[in-house]
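# Structural description and commentary
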Amino acid sequence: MSIIYKNDLIKIEVESSEIPWLKIFTIEDIKEFSQCNSQTKQEIFKYLDIIEKEMLDYFNPKKINIASFGNYVPHVHFHIMARFEEDSYFPEPMWGKKQREANLDLPSFEEFYQNLKKKL
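Summary of the structure given here. The model shown is predicted, which means the values in this text are computed figures rather than measured ones.

Another point: unusual backbone geometry. For the bond running from F90 to P91, omega is 5 degrees, close enough to zero to count as cis. Note that P91 resides in the loop between β5 (77-83) and α2 (109-119). Non-glycine residue N60 carries a positive phi angle of around 50 degrees. Relative to the helices and strands, N60 resides in the loop between α1 (38-59) and β4 (63-67). When its relative accessible area of 63% is taken as the criterion, N60 is described as exposed.

Now the structure itself:
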């Protein structure tokens, strides 16, 4: 995992995938979102908002998926994924049944992550 941003409350990691996919984790080991203090909750929402807007502007996806479940990793975290009709799983979740081989022609992920770092 590649961390592209970190502060005292959260960290943002890149998930290696055929689609643009970031994850926001709390720094503190917290199991449930309801157990986060208000400052941590606000920080999560602030960065979810920034990432979603930047993904929409840069990639022009069909949809942004935001998910929060931690059955394997019981630590508060959110997934933010730009989804495309041509990705391997659409309209299924990325954890669902593969629908096809991806046929994506997307702009540079690395450039996106570099530009995003400047706005975080």
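We are not done yet, so read on.
Right, let's talk about the packing of aromatic side chains for a bit. Per the stated rule, a full pass over the model turns up 11 aromatic pairs. Centre to centre, the rings of W21 and W95 are 5.4 Å apart; their planes meet at 85 degrees, and the pair counts as edge-to-face. One end of the pair, W21, is in strand β3 (residues 21-26); the other, W95, is in the loop between β5 and α2, with 74 residues separating them in the sequence. With relative accessibility at 7%, the residue W21 sits in the buried group. Ring pairs connect the aromatic residues Y58, F59, F109, F112 and Y113, which therefore count as one cluster. Directly above the ring of F33 sits K41, whose terminal nitrogen or CZ lies 5.4 Å from the centroid.

About the thresholds
Residues numbered from 1 in each chain as written. Predicted model: local features only at pLDDT ≥ 70, side-chain atom pairs only at ≥ 80, totals over all residues. Heavy atoms only, no water. Helix = DSSP H or I, 4+ residues; strand = E, 2+ residues; numbered from the N terminus. Buried < 20%, exposed > 50% of the residue type's maximum accessible area, 1.4 Å probe, protein only. Phe/Tyr/Trp six-rings, centres within 6.5 Å; stacked < 30°, edge-to-face > 60°. Lys NZ or Arg CZ within 6 Å of the ring centre and 35° of its normal.

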